[in-house]
Amino acid sequence: MSLPDISRMDRYPTRTAEPLPHIDRSDPTVWGTIETATLSDFEADGFAILDALLDPMEVADFTAEIDRLTRDPDLWLDDRLIIEKSARRVRSIFEVHRLSTAIAELVRETRIAGLARQILGSEVYLHQSRVNMMPGFAGTGFYWHSDFETWHAEDGMPAPRAVSLSIALTDNHPFNGSLMVMPGSHRTFVPCHGRTPAEHFRESLREQQIGVPTQADIAELANKHGIRQFTGPAGSALLFDSNIMHASSNNITPFPRSNIFLVFNSVENTLGAPYGADAPRPTYIGSRDFTPVR
Ligand code: 6CS
Ligand code: FE
């Protein structure tokens with residue numbers, strides 16, 4: 001009889017043929033020591049809002065930098081540029097820290113990477129970076145999901161020891177598709193039902209169909225935790241746990257919404273083989289360069 005491979009015992013099974021019950025998270029939320037007062041509710045809520053993380057000059061500079069990227073004809077031929085499903089408009093650009101030295105330098109700053117180090121209690125590296133553009137009238141949202149569910153299933157991230165920082169480059173109003181989160185939902189892992197099709201990521205980056213909770217799952221969590229929305233002026237930011245349940249709705253207002261999205265993972269939580277897919281996603285979506293951010 002062969003012994004089970006303990007190193008691959010999966011505490012967060014998902015993408016299974018049969019539905020599974022919710023799983024209480026067995027990992028901590030905060031692995032380090034919180035020093036920044038604005039992060040004091042992160043453990044309980046699974047997110048924190050940082051006012052004026054960038055000043056107005058920086059917002060203008062990064063906006064110009066991203067405008068430059070979206071107008072680069074070479075990038076339109078690059079897999080890292082994702083176009084909206086029903087409009088020839090840029091939805092996301094991945095690996096922006098490799099496309100822009102200004103963004104690479106921003107990531108390294110203590111006011112940015114230092115937030116992730118406090119939460120994750122170790123050195124950190126960038127698992128994913130992207131800019132998201134939600135144009136006026138035409139921006140489409142993202143259905144409810146946990147990022148960790150995808151990163152675990154499709155990228156082979158072992159534990160929810162990662163945080164995302166979404167830095168607003170435009171004002172986030174309640175009405176232009178800003179992010180909704182369920183405070184406290186990061187303590188529950190919601191397994192998703194259904195095998196991951198090959199090359200699933202090409203579709204899921206525009207509209208996710210596999211790896212989404214059921215309406216009953218979403219209702220249960222929403223009734224228990226409620227829903228909060230991230231609003232605030234350009235330059236403010238949302239830091240959130242990799243497993244928090246979140247979503248955004250379509251933007252039918254004339255006011256665009258764009259943000260820089262950075263995912264930091266602990267160097268003690270580096271990727272292995274995917275837990276719920278046959279092949280890992282490309283490295284521009286889930287990096288396998290685990291060099292610490294310094
Ligand atoms: O697929 C991913 O990795 C991601 N997708 C969503 C909808 N949110 C975060 C992350 O970039
Ligand atoms: Fe997400």
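Numbering of residues starts from 1 in each chain and follows the order in which that chain's sequence is written. Here chains are named by letter from A upward and ligands by number from 1 upward, in the order in which they appear as written. Under the rules for a predicted model, residues below a pLDDT of 70 receive no local features and side-chain atom pairs below 80 are neither given nor counted, while totals for whole chains, interfaces and linings still include all residues. Note: side-chain values were computed over all heavy atoms of the structure, leaving out hydrogens and water.

As recorded in an unreviewed UniProt entry, the chain goes by the name Ectoine hydroxylase, listed as coming from Nocardia acididurans. UniProt positions are given in the numbering used here, feature names are shortened, and annotations may be inferred rather than shown by experiment. The record in UniProt for the chain states the following under Cofactor (unreviewed entry): "Fe(2+)".

Draft legend 1. Broad picture of the overall build of the chain. Scanning the chain from terminus to terminus reveals eight helices and 13 strands. Here the globule rule is a power law, 2.2 Å times the number of residues to the power 0.38, and the radius of gyration is based on C-alpha atoms. Here the chain has a C-alpha radius of gyration of 18 Å; the compact-globule value for 294 residues is 19 Å, and the two agree. Judged by the C-alpha coordinates and their principal axes, the chain covers about 60 × 45 × 40 Å. Here the chain holds 294 residues, and the buried ones make up 54% of them. For the purposes of this entry, the term helix denotes a DSSP run of H or I that reaches at least four residues, the term strand denotes a run of E that reaches at least two, and both are numbered from the N terminus. Here the term buried applies to any residue with accessible area under 20% of the maximum for its type, exposed to any over 50%, and partly exposed to those in between, with areas from a 1.4 Å probe on protein chains only.

Draft legend 2. Seen up close, the sheet that holds strand E10 (residues 228-229). A pair of strands is considered paired only if DSSP assigns at least 2 bridges between the two. Pairing in this open sheet of four strands is antiparallel, and the strands run E6-E12-E8-E10 from one edge to the other. Two strands bound the open sheet, and with one partner strand each, they are strand E6 (142-145) and E10. The pairing of E6 with strand E12 (residues 246-248) spans two bridges and is classified as antiparallel. Bridge pairing in E12 places histidine 145 opposite histidine 246.

Draft legend 3. Structural view of the site of ligand 1. Put simply, a residue is near a molecule or strand once any heavy atom of it comes within 4 Å of that molecule or strand. Every residue close to ligand 1 is listed here: Gln128, Arg130, Phe142, His145, Asp147, Thr150, Trp151, Leu205, Gln208, Phe261 and Arg281. N or O atoms closer than or at 3.5 Å make up a polar contact, with two conditions inside protein: a donor-capable atom paired with an acceptor-capable one, and, for residues adjacent in sequence, both atoms drawn from side chains. Interatomic distance of 2.2 Å between a side-chain N/O atom of arginine 130 and an oxygen atom of ligand 1. Contact distances for ligand 1 include 2.9 Å between a nitrogen atom and a side-chain N or O atom of aspartate 147. Reported accessibility uses the Shrake-Rupley method at a 1.4 Å probe radius. Residues are deemed covered only where the shown protein chains occlude them. If ligand 1 stood free it would expose 300 Å²; the protein chains cover 93% of that surface. The cavity where ligand 1 resides is the largest cavity. Of the residues in the shell around ligand 1, the class split is four nonpolar, four polar and three charged. Points on a 1 Å grid, built from protein atoms alone, make a cavity when a 1.4 Å probe fits but cannot get out and make a pocket when they are open with protein on both sides within 12 Å along at least 5 of 7 lines; residues with an atom within 4 Å of a point are the lining residues. More than half of a molecule's atoms within 2 Å of the grid points is what it takes for that molecule to sit in a cavity or pocket. For this classification, the nonpolar set comprises Ala, Val, Leu, Ile, Met, Phe, Trp, Tyr, Cys and Pro, the charged set comprises Asp, Glu, Lys and Arg, and every other residue, Gly included, is treated as polar.

Draft legend 4. Summary view of the coordination of the iron ion (ligand 2). Within the protein, His145 (NE2), Asp147 (OD) and His246 (NE2) serve as the donor atoms for the iron ion (ligand 2), at 2.1 to 2.3 Å. Around the iron ion (ligand 2) sit four donor atoms, and with donor-metal-donor angles ranging over 84 to 173° the site reads as irregular. The motif formed by the donor residues of the iron ion (ligand 2), counted along the single chain, is H-x1-D-x98-H. Separated by 99 residues along the polypeptide, aspartate 147 in helix H6 (residues 147-155) and histidine 246 in strand E12 bring together distant segments of the chain. You can call histidine 246 buried: its relative accessible area is 4%. Only nitrogen, oxygen and sulfur atoms within 2.8 Å of the metal, or 3.2 Å for Na, K and Ca, are treated as donors, and water is left out, so sites may look incomplete. Note on geometry labels: four donors, all angles 85 to 135 degrees, give tetrahedral; four donors become square planar and six octahedral when opposite donors are over 155 degrees apart and every other angle is between 65 and 115; remaining cases are irregular.

Draft legend 5. Inspection of the nonpolar core at higher detail. Formed by 39 residues in total, the largest nonpolar core has its most connected members in Leu165, Ile167, Leu239, Ile260 and Phe264. Here this core gets six residues from one element, more than from any other, and that element is helix H5 (residues 110-120). Setting aside anything within four residues of it in sequence, one finds isoleucine 260 in contact with Phe62, Ile66, Ile103, Arg130, Val131, Leu165, Ser166, Ile167 and Leu169. Listed in part, the 17 residues of the second largest apolar core include Tyr125, Trp151, Met157 and Phe240. By nonpolar core we mean a set of buried residues, namely Ala, Val, Leu, Ile, Met, Phe, Trp, Tyr and Cys, connected to one another through side-chain atoms within 4.5 Å. Residue contacts are counted whenever heavy atoms from the two residues lie within 4.5 Å of one another.

Draft legend 6. Inspection of helix H8 (residues 215-225) at higher detail. Listed in full, the buried residues belonging to H8 are Asp217, Ile218, Leu221 and His225. Summarising the axial view, the buried residues of H8 lie within an arc of 95°, below the 170-degree limit, and thus occupy one face. Among the exposed residues of H8, those oriented more than 90 degrees off its buried face are Gln215, Ala216 and Asn223. For H8, the secondary structure elements touched by its buried residues are E6 and strand E9 (188-189). Summarising the geometry, the arc corresponds to the directions from the helix axis toward the C-beta atoms.

Draft legend 7. Looking closely at the sheet that holds strand E13 (residues 257-266). One open sheet holds the seven strands; their spatial order is E2-E11-E7-E13-E5-E4-E3, and the pairing between them is antiparallel. Looking at the sheet topology across the chains shown, the edges are occupied by strand E2 (47-50) and strand E3 (81-83). Taking the axes of each pair of neighbouring strands and ignoring which way they run, one obtains an average angle of 15° across the sheet. Axes, fitted as lines to C-alpha atoms, cover a helix only where it is in contact. Angles between the N-to-C directions of the axes lie from 0 to 180 degrees.

Draft legend 8. Seen up close, the environment of isoleucine 218. Structurally, the position occupied by isoleucine 218 is in helix H8. Considering only alpha carbons, one finds isoleucine 218 and tryptophan 144, 74 residues apart in sequence, at a separation of 7.5 Å.

Draft legend 9. Structural detail: the side chain of arginine 161. By the element assignment, arginine 161 lies in the loop between H6 and strand E7 (162-168). Residue classification places arginine 161 among the buried positions, given a relative accessible area of 8%. At a separation of 3.0 Å, a polar atom in the side chain of arginine 161 contacts the side chain of glutamate 268. Contact partners of arginine 161, with chain neighbours within four places excluded, come to Trp31, Leu120, Gly121, Ser122, Ser242, Asn265, Ser266, Glu268 and Asn269.

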